[in-house]
Structure formats: structure tokens, C-alpha cells
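# What the coordinates show
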Amino acid sequence: MAPMGIRLSPLGMAVFCLLGLGVLYHLYSGFLAGRFAFFMLSEPAAGGPEAPRSSAPAGAVDLRELLAVSVLAAVRGGEEVKRVREGNVLNEKAKGKTREGAEEKLTSGDLLSNRKMFYLLKGAFPGVQINSEEHVDAADQETVSWDRSIPEDIKKKIQPKEVPAESVTVWIDPLDATQEYTEDLRQYVTTMVCVAVNGKPVIGVIHKPFSAYTVWAMVDGGSNVKARSSYNEKTPRIIVSRSHAGKVEQVARQTFGNKTVIIPAGGAGYKVLALLDVAEKNQEEADVYIHVTYIKKWDICAGNAVLRALGGHMTTLAGEEISYTGSDGNEGGLIASINMNHKALIEKLPNLEKTSRK
Ligand SMILES: Nc1ncnc2c1ncn2[C@@H]1O[C@H](COP(=O)(O)O)[C@@H](OP(=O)(O)O)[C@H]1O
Ligand SMILES: [Mg+2]
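Only a predicted model underlies this, so the values are computations on that prediction, with no experimental measurement involved.

The rules behind each value
Positions within a chain are numbered from 1, following the residues in the order the chain's sequence is written. Starting at A for chains and at 1 for ligands, labels are handed out in the order in which the entities are written. Residue-level local features of this predicted model are given only where pLDDT is at least 70; pairs of side-chain atoms are given and counted only at 80 or more, and the full residue set underlies all totals for whole chains, interfaces and linings. For side-chain calculations, the full set of non-hydrogen atoms in the structure is used, while hydrogens and water are omitted. The helix count covers DSSP runs of H or I at least four residues long, the strand count covers runs of E at least two residues long, and both are numbered beginning at the N terminus. A 1.4 Å probe rolled over the protein chains alone gives each residue an accessible area, and that area as a share of the maximum for its type sets the label: buried under 20%, exposed over 50%, partly exposed in between. Note on contacts: a residue pair is in contact if any heavy atoms of the two residues lie within 4.5 Å. For accessible areas, the Shrake-Rupley method is used with a probe of radius 1.4 Å. Any residue's cover is judged against the shown protein chains and nothing else. Every axis corresponds to a line fitted to the C-alpha atoms, with the helix fit spanning only the stretch in contact, and the corresponding angles, defined between N-to-C directions, vary from 0 to 180 degrees. Under this scheme an angle from 65 to 115 degrees is roughly perpendicular, one under 35 degrees roughly parallel, and one over 145 degrees roughly antiparallel; angles in between are oblique. What makes a crossing left-handed is the near helix being turned counterclockwise from the far one by less than a right angle; a clockwise turn instead makes it right-handed. Note that Gly is not counted as nonpolar here; it falls among the polar residues with everything else outside the nonpolar set of Ala, Val, Leu, Ile, Met, Phe, Trp, Tyr, Cys and Pro and the charged set of Asp, Glu, Lys and Arg. Two strands are counted as paired when DSSP detects at least two bridges linking them. Any N, O or S atom lying within 2.8 Å of the metal counts as a donor, and for Na, K and Ca the limit rises to 3.2 Å; water is left out, so some sites can look incomplete. Expected helix span is taken as 1.5 Å per residue step, with the number of steps being one fewer than the number of residues. When a carboxyl oxygen of Asp or Glu lies within 4 Å of a side-chain nitrogen of Lys or Arg, that pair is called a salt bridge. Two N or O atoms form a polar contact when they lie within 3.5 Å of each other; inside protein one atom must be a possible hydrogen donor and the other a possible acceptor, and for residues adjacent in sequence the pair counts only when both atoms belong to side chains. Note on terminology: near, applied to a residue and a molecule or strand, indicates that one of the residue's heavy atoms is within 4 Å of it.

Next up on the list: the overall build of the protein. Each helix and strand counted, the protein has ten helices and 17 strands in total. Taking all 358 residues of the protein together, the buried fraction comes to 48%. The long-range fraction of contacts in the protein, counting pairs at least 24 apart against all pairs at least 6 apart in sequence, stands at 71%. Total accessible area on the protein stands at roughly 18000 Å², and carbon and sulfur atoms take up 55% of it.

Written out as C-alpha cells, the structure is:
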């Protein structure tokens, strides 16, 4: 007798084995299918629970998308700037002094605009370096989402263009002409975004919040603004700072003669717009923009990009290109022109490096 009285026929054994294999197959294939489904579902959400922020592959950013978000950021920041000014509660304070001893002002308009602009850009392009004029309070975060829509005028003029995310530096000026903002000189105020690629300014957005006017341009792409049809090269009208002038008037007269018209104005964004064909009633016109004191890169990057996109120039007073990476200061002053012989203008400036900075 076989042990325990069980007799296994070969046929029974075969059926038993087949059944076992079937059960194993069923269990294992279900597991595999589950794993596969999980893999397929989890792949697009690798960046987190939200939808992907950009259509560009990982590690790359699309400059056309960056332009669209930059325009939106300037507009949304501008809404804050306008709201605070109209509410008349600026909470104005001094955040320090310039090298020349002028008080640097800070208002709720600067801070609220900065918060909107920074979080909108950061949310849309988390992998990109963003340098902003104002401190971003990490305890006061805000989710400002971007719906990924590209405005029609941008779609029409600009093609998608991918660049490595690490080559990009974004510069935000949440409120240019803060001094004039506190004096209620609204026409000078702008919000600005600039995108530099490997230090070169390629996208510039300058937005006037009080007249809802926005200028944008991309180098080798397109723009919604153009240069004027003529400029006075012989006796140019020079636009200069009204609150951080330094010796700029003296320098301008020394260079272009005593008859030269000098236009004092607030805001670096406003002064670049003065060189362009801007259909805006509160905008003066000029032929050259000169600044002789120290200035920060968020103040000038957007204007530099816009001018470059339109064939103009913004350089230091010595004629060097300004690199928009690294430190946030520009030491060499600036001269900006368009449809003029920029080199000849620089050669006319007499030893400015030595005489004009202070
Ligand atoms: N010497 C200086 N030091 C620091 N910032 C300066 C400066 N000269 C000009 N700026 C800044 O550059 C912007 C344009 O200046 P201006 O109106 O005098 O032409 C202003 O930016 P904000 O208003 O964004 O602070 C101003 O503060
Ligand atoms: Mg500024």
C-alpha cells in the first residue's frame, strides 16, 4: 500500500500541474498588468501631482512659452502695482541707500507685484534661475498658476524654440520707477521681465500698468513694437534719470553741445520706450538714453533685450555688452540707441569712465 493510501495516476498529476500553472499565470499576469498600468499612469506625473508645466522635454525650456508667461507676469504684477496706488496705501519705507546716497524706496506695490510675478514664473518654470529685485518671502508663498495658453499675437509671430533650462536667467523688476510711484507720477512706472540665455538678453517685456500697455520682443523672433522711422543723430534728445542722475547732464552737454535737449524721466523701462515707436499719450520721445551711475540688471535687462531684438543697442559707456548672469549690478553706466551709429556715439563720449560716475 502506498503511504496514506493515496495513489497518484500520471494523468491526475498532469491535470494538477496544469491547474497550478493556470492559477500562477492568472495571479502573475494580473500583477504584471497592474505594474504596467501604474507605470503608464505615473510617468506623466513624474514632476508632481500637477499637470506638466511646460511642453518642452525635461531639462529644456521653450522660449516662446517663457515669453508668454513673462507677458502674463508683467501684466499680473502690474495689476498689483495699480491696485496699491489706487488704494493709496503704499506702506512706503526706505530699504537702503544708493552709493550716491539717494534713498531706495520700497512699497507694498513692489512687494505684492514681486510675489505675483515670481510665483507665476517659478510655478511655470521651476527649473529656471529667477533673479528678482525684491526679496521673496518663502513663508508668504502664493500659487499663481499658468494655463499654458499662448496669446494669438505671440503664436503668430514666434516659433517654439527650446534651450537648456540651465542656460536661462530670468530678471524681474516688479516696479520700475518706485521713486516716481511714491510721487504719484504714474506715467513712468513699468513692470518688466527679461530672459537671458547664456547671459545674452533675448526676451524683454515692458508693461505700463496705468495705461495697460505692453511691449514685448524676442531676439531672432519677433516683437509687438518697432523703432521710429527717424532719429536725430546730430543733436539727439537725451533721456536721463530724474532721481539718480549723477553727472549725466554735464556729460550729455559735453558730448553733444549745450543746445542738446535733455529730458529727465523716471524708470529705465520708460526711458527705453522713449526710443521706440510707442503709441501712448503719456510717453515722451528721445533719441538716446544715457545713465552714468551704478544700476541693477533687473532695471535694464528687458530694455536691452527689446532694443537688441529691434536692431538697437544698449551697452556700457565704454561700449561693452552687458552680461545678464552672475552679479546683479552693472558698473559701467549705459548708453542705448536704435537706428543710429552706436559706436560713433560711444566714441563721442569723452573719457566718461573717469569723469562721470560720481
Ligand atoms: N545709482 C543707482 N543705484 C541703484 N539703483 C539705481 C541707481 N540708479 C538708478 N537705479 C535704479 O534704476 C531704475 C531706474 O532709475 P531712474 O528712474 O533713476 O532712471 C530705478 O529702479 P527701481 O525704481 O526699480 O528701484 C532705480 O532705483
Ligand atoms: Mg527697477
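Time to look at the packing of helix α2 (residues 63-87) against helix α3 (residues 108-124). Contact pair α2 / α3: the axes reach a minimum separation of 8 Å and the direction vectors enclose 160 degrees. Accordingly, the angle class assigned to the pair α2 and α3 is roughly antiparallel. Judged by the twist between their axes, the crossing of α2 over α3 is right-handed. Here the contact of α2 with α3 is built from residues that sort into twelve nonpolar, six polar and four charged.

Attention now goes to the sheet that holds strand β4 (residues 129-132). In space, the six strands of this open sheet follow the order β4-β6-β7-β8-β9-β10, with mixed pairing throughout. What marks the edges here is a single partner per strand, and that holds for β4 and β10 (222-223). Across six bridges, the pairing between strand β8 (residues 200-208) and strand β9 (residues 213-218) is antiparallel. What sits directly across from isoleucine 203, in β9, is methionine 218. Here α3 sits on the sheet in contact with β4, β6 (168-176) and β7 (190-197), set at roughly 155 degrees to β6. Set on the sheet, helix α8 (residues 297-309) makes contact with β4, β6, β7, β8 and β9; between it and β8 the angle comes to about 105 degrees.

This part takes up unusual backbone geometry. At arginine 148, a position not held by glycine, the phi torsion is positive, near 70 degrees. Its place among the elements puts arginine 148 in the loop between β4 and α4 (152-157). At asparagine 198, a position not held by glycine, the phi torsion is positive, near 50 degrees. One can find asparagine 198 in the loop between β7 and β8.

Moving on, we get to the coordination of the magnesium ion (ligand 2). Protein coordination of the magnesium ion (ligand 2) is provided by Asp173 (OD), Asp176 (OD) and Asp299 (OD), with donor distances spanning 1.8 to 2.6 Å. Each donor residue of the magnesium ion (ligand 2) belongs to the same chain, with the gaps between them written as D-x2-D-x122-D. Residue aspartate 176 is located in strand β6, and its partner aspartate 299 is located in helix α8; the two are separated by 123 residues in the primary sequence. What makes aspartate 176 buried here is its relative accessible area of 5%. Accessibility expressed as a relative area gives 13% for aspartate 299, which makes it buried.

Between its terminal C-alpha atoms α2 stretches 36 Å, which fits the 36 Å expected from 25 residues at 1.5 Å a residue. A positive backbone phi angle near 65 degrees is found at asparagine 88, which sits one or two residues after α2.

This part is about the pattern of salt bridges. Going through the model one piece at a time under the given rule, you end up with 22 salt bridges. As a salt-bridge pair, glutamate 152 and lysine 155 come within 3.6 Å of each other at their nearest N and O atoms. Pair noted here: glutamate 152 and lysine 155 are both in helix α4, with a separation of three residues, about one helical turn. With a relative accessible area of 52%, glutamate 152 lands in the exposed category. The exposure class of lysine 155 is partly exposed, given its relative accessible area of 39%. The partner of arginine 242 in a salt bridge is glutamate 183, and the shortest N-O contact between them spans 3.0 Å. With arginine 242 in the loop between β11 (238-241) and α6 (248-256) and glutamate 183 in the loop between α5 (178-182) and β7, the pair connects residues that are 59 residues apart, well separated along the chain.

The next thing to look at is the side chain of threonine 315. Secondary-structure assignment places threonine 315 in strand β15 (residues 313-315). Polar contacts involving the side chain of threonine 315 include one to the side chain of histidine 342, which spans 2.9 Å. Sequence-distant contacts of threonine 315, defined by excluding residues within four places in its chain, comprise Glu320, Glu321, Ile322, Gly333, Leu334, Ile335, His342 and Ile346.

This paragraph deals with the sheet that holds β15. Across the sheet, which stays open at both edges, the five strands sit in the order β12-β11-β13-β17-β15 with mixed pairing between neighbours. Whereas interior strands pair on both sides, the edge strands pair on one side only; in this sheet they are β12 (262-265) and β15. Between one strand axis and the next, the sheet turns by 20 degrees as a mean value, whatever way the strands run. Contacts from α8 reach β15 and β17 (334-337) within the one sheet, and its direction differs from that of β15 by about 140 degrees.

In this section: the site of ligand 1. Taken together, 21 residues sit near ligand 1, with Ala177, Ser241, His244, Gly267 and Lys271 positioned nearest. Separating an oxygen atom of ligand 1 from a side-chain N or O atom of aspartate 173 is a distance of 3.3 Å. The contact in question runs from an oxygen atom of ligand 1 to an N or O atom on the backbone of alanine 177, over 2.7 Å. When isolated, ligand 1 has an accessible area of 540 Å², and the protein chains bury 96% of it. Contributions of two or more residues to the shell around ligand 1 are made by β6 and α7 (268-273). Examining the composition of the shell around ligand 1, we find that three residues originate from one element, β6, more than from any other. Residue composition of the shell around ligand 1, by class: five nonpolar, nine polar and seven charged.

Function cannot be read off these values alone, since they describe shape.
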